[in-house]
Amino acid sequence: MNENTQRLIELDKRYLWHPFTQMADWLSCTPVVIESGEGFYLIDTDGNRYIDGVSSLWCNVHGHRVKKIDDAIRAQLDKIAHSTLLGLGQTQAIELAEKLVQIAPAGLEKVFYSDSGATAVEIAIKIAYQYWQNTGRTEKTKFIALKEAYHGDTIGSVSVGGMDLFHGIFKSLIFKTYYAPTPNPYRFEGTPAQCAKNSLEAMEAILKRHGEQIAAIVVEPLVQGASGIIVHPAGFLKGVEQLARKYDVLLIVDEVATGFGRTGKMFACEHEDVHPDLMCMAKGISAGYLPLAATLTTQTIFDAFAVSGDIHKTFYHGHTYTGNALGCAAALASLELFEENKILETMPEKIDLISQYFERFAELPHVGDARQCGMIGRIELVKDKQTKEPFPSQDKIGAKVCAAMRPKGAMMRPLGNVIVLMPAVGMNIETLTQLLDIIEETLEEDLMKVITAQTKFL
Ligand SMILES: *Cc1c(COP(=O)(O)O)cnc(C)c1O
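Conventions used here
- Residues numbered from 1 in each chain as written.
- Predicted model: local features only at pLDDT ≥ 70, side-chain atom pairs only at ≥ 80, totals over all residues.
- Heavy atoms only, no water.
- Axes fitted to C-alpha atoms, helices over the stretch in contact; angles between N-to-C directions.
- Helix = DSSP H or I, 4+ residues; strand = E, 2+ residues; numbered from the N terminus.
- Left-handed = near helix turned anticlockwise from the far one by under 90°.
- Contact = heavy atoms within 4.5 Å.
- Nonpolar A, V, L, I, M, F, W, Y, C, P; charged D, E, K, R; others polar.
- Polar contact = N/O pair within 3.5 Å; in protein donor to acceptor, adjacent residues only side chain to side chain.
- 1 Å grid on protein atoms, 1.4 Å probe; cavity = no way out; pocket = protein on both sides within 12 Å on 5 of 7 lines; lining within 4 Å.
- Points joined across faces, edges and corners; volume = space filled by probe spheres on them.
- Core = buried A, V, L, I, M, F, W, Y, C linked by side-chain atoms within 4.5 Å.
- Buried < 20%, exposed > 50% of the residue type's maximum accessible area, 1.4 Å probe, protein only.
- Domains from an automatic or database assignment.
- Expected span 1.5 Å × (residues − 1).
- Bend = angle between axes of the 7 residues up to and from the residue.
- Pairing = 2+ DSSP bridges.

Asks: An account of the packing of helix H4 (residues 67-77) against helix H12 (residues 325-340) is needed here, citing residue identities and associated values.
Replies: H12 packs onto H4 with a crossing angle of 150° between their chain directions and a minimal axis gap of 8 Å. Considering how the two elements wind past one another, H4 and H12 form a crossing that is right-handed. Only Ala325, Leu326, Ala329, Ala330, Ala333, Ser334, Glu336, Leu337 and Glu340 of H12 make contact with H4, whose side of the interface consists of Lys68, Ile69, Ala72, Ile73, Gln76 and Leu77. In the contact of H4 with H12, the residues fall into 10 nonpolar, 2 polar and 3 charged.

Asks: How would you summarise unusual backbone geometry if you had to cite specific residues and measurements?
Replies: For Phe20, which is not glycine, the phi torsion reads 50° and is therefore positive. By the secondary structure assignment, Phe20 is in the loop between helix H1 (3-15) and helix H2 (23-27).

Asks: Please set out the side chain of His232 residue by residue, giving values where relevant.
Replies: If you trace the backbone, His232 turns up in the loop between strand E9 (230-231) and helix H10 (236-246). At a separation of 2.7 Å, a polar atom in the side chain of His232 contacts the side chain of Gln224. Not counting the four nearest positions on each side in its chain, His232 is found in contact with Leu146, Pro183, Glu220, Leu222 and Gln224.

Asks: Tell me about empty space enclosed by the protein, and please be specific about residues and values.
Replies: Under the defined criterion, the tally for this structure stands at 1 cavity of 30 Å³ or more. In terms of lining residues, the largest cavity is bounded by Trp58, Val223, Gly225, Ile229, Ala257, Thr258, Ile376 and Met422. Tallied by class, the residues present in the lining of the largest cavity amount to 6 nonpolar, 2 polar and no charged.

Asks: Give me the nonpolar core: which residues, what numbers.
Replies: Among soluble globular proteins, nonpolar side chains are generally buried collectively. One finds Leu100, Ile217, Phe361, Leu381 and Leu443 to be the most contacted residues of the largest nonpolar core, which totals 106 residues. Residues from two domains meet in this core; each of domain 1 (32-62 + 344-457) and domain 2 (70-340) gives at least three. Those residues in contact with Ile217 that lie beyond four places of it in its chain are Ile144, Met203, Leu207, Val240, Ala244, Val249, Leu250, Leu251 and Ile252. Counting 26 residues, the second largest nonpolar core, distinct from the first, contains Ala124, Ala128, Ala304 and Phe305.

Asks: Please provide a residue-by-residue account of the side chain of Thr119, values included.
Replies: The topology assignment puts Thr119 in helix H6 (residues 117-134). Among the polar contacts listed, one links the side chain of Thr119 to the side chain of Ser114, at a separation of 2.8 Å. A distance of 3.4 Å separates the side chain of Thr119 from the backbone nitrogen of Asp115, its partner in a polar contact. What Thr119 contacts, discounting residues up to four positions off in sequence, is Ser114 and His319.

Asks: Run through helix H13 (residues 343-361), naming residues and quoting values.
Replies: Along its 19 residues, H13 runs 26 Å from first to last C-alpha, staying within 8% of the 27 Å computed at 1.5 Å per residue. A maximum bend of about 25° is found in H13 at Glu349. By the burial criterion, the buried members of H13 are Ile343, Met347, Lys350, Ile351, Leu353, Ile354, Tyr357, Phe358 and Phe361.

Asks: Which residues make up the sheet that holds strand E7 (residues 214-219), and what values do they have?
Replies: Strand order in this open sheet of 7 strands is E4-E12-E11-E10-E7-E5-E6, and the pairing throughout is mixed. Sheet topology places strand E4 (108-114) and strand E6 (177-180) at the edges, where each strand pairs with a single neighbour. Recorded for the sheet is a direction-independent mean angle of 20° between the axes of neighbouring strands. As paired elements, strand E5 (residues 142-146) and E6 share 4 bridges and run parallel to each other. Counted as the bridge partner of Ile144 is Tyr178 from E6.

Structure representation (structure tokens):
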């Protein structure tokens, strides 16, 4: 470790508070400090290179230091970095809004910008709530979400979240939400179809009893990310849409993690021809460059707010950096790269490659479940494959296994006992193969060694 690394680690420990981190553990670890990136690699302050296996927390799309995106941001910097959307238009925000409406599922016609996934969801919830107020159905004030859902960390998005470990402590701060069980095929006794049906029936039971009070159903489409990359059974999302229509509630789809190609299509909704009333985008929207998010909505919802002279129907919400010009410029360049590099067309080959590896992973002794949705993969490690008994969470098996991949050149981040595979969708076959080889080697050769290691890991 060079002197500069040492100095930075010391300063980090003195001044920083890291997200989602037990800082007491952090202080006793030796963190990696990233200095730069190149393509699909992260480079630390000692010059070590790692494949960015979770695309810098699920947001990088085309790699790091991509010329076209870098140039677009620089060109915008020569014009203006930021101006407000309160009372003013802005070139990049306008151009991007048109593009987003073009690529989003039909029916979504208006774009409301913000700066993170949590705010995109917060905005969707508030728009859904106010939509019913504005249209005279004032009793429709509640939401339905999935148990173990994750929609971000602001109070509103936590209120529709269902992860006890993250959200339990705040329960007296958050509003009441109805929860339907997560359709998790690995932890369900029965077929995937029965698993979907079970959750849909529970959701319908809530709607039958409380439908009159429900403003919207909020779901992560196809894959529940933060709760451990739970891949829903086919048909579940369509079933949710049908319930929303049947009981006259809005459908909010949180595509923050799944959007921009991750599932093999531009948006997860497309797999089941689902047309939500509100859709949340963030993470990949700016190719992982800058904080940018958008909430898209239908003309019908927009019209319930756009009432001339009625100040009570206005949507009073906004953030200072709403529609930031640099972020929008990056997003526009990213969408051009989707076309130029034929990202969606070249993805089936990569998705097949992941499948081939995952079939082998599933045979390994401590791999309970190896499942994928497009370019998103989950490898759940279990203590007992037969009974599906999990490793105790305090053993930090996922973190240990990921740490063992670092010296081999892969930067991964688990969710509990689940090894998450989330490469940039633009990653080339060679790099993706290297990444999968590192995962395979670690799972095959080192797993027992890693599991029993006494070393401290975050
Ligand atoms: C990451 C994530 C969020 C929150 O996004 P932030 O930008 O971290 O606020 C919301 N929903 C889903 C599905 C996510 O994966």
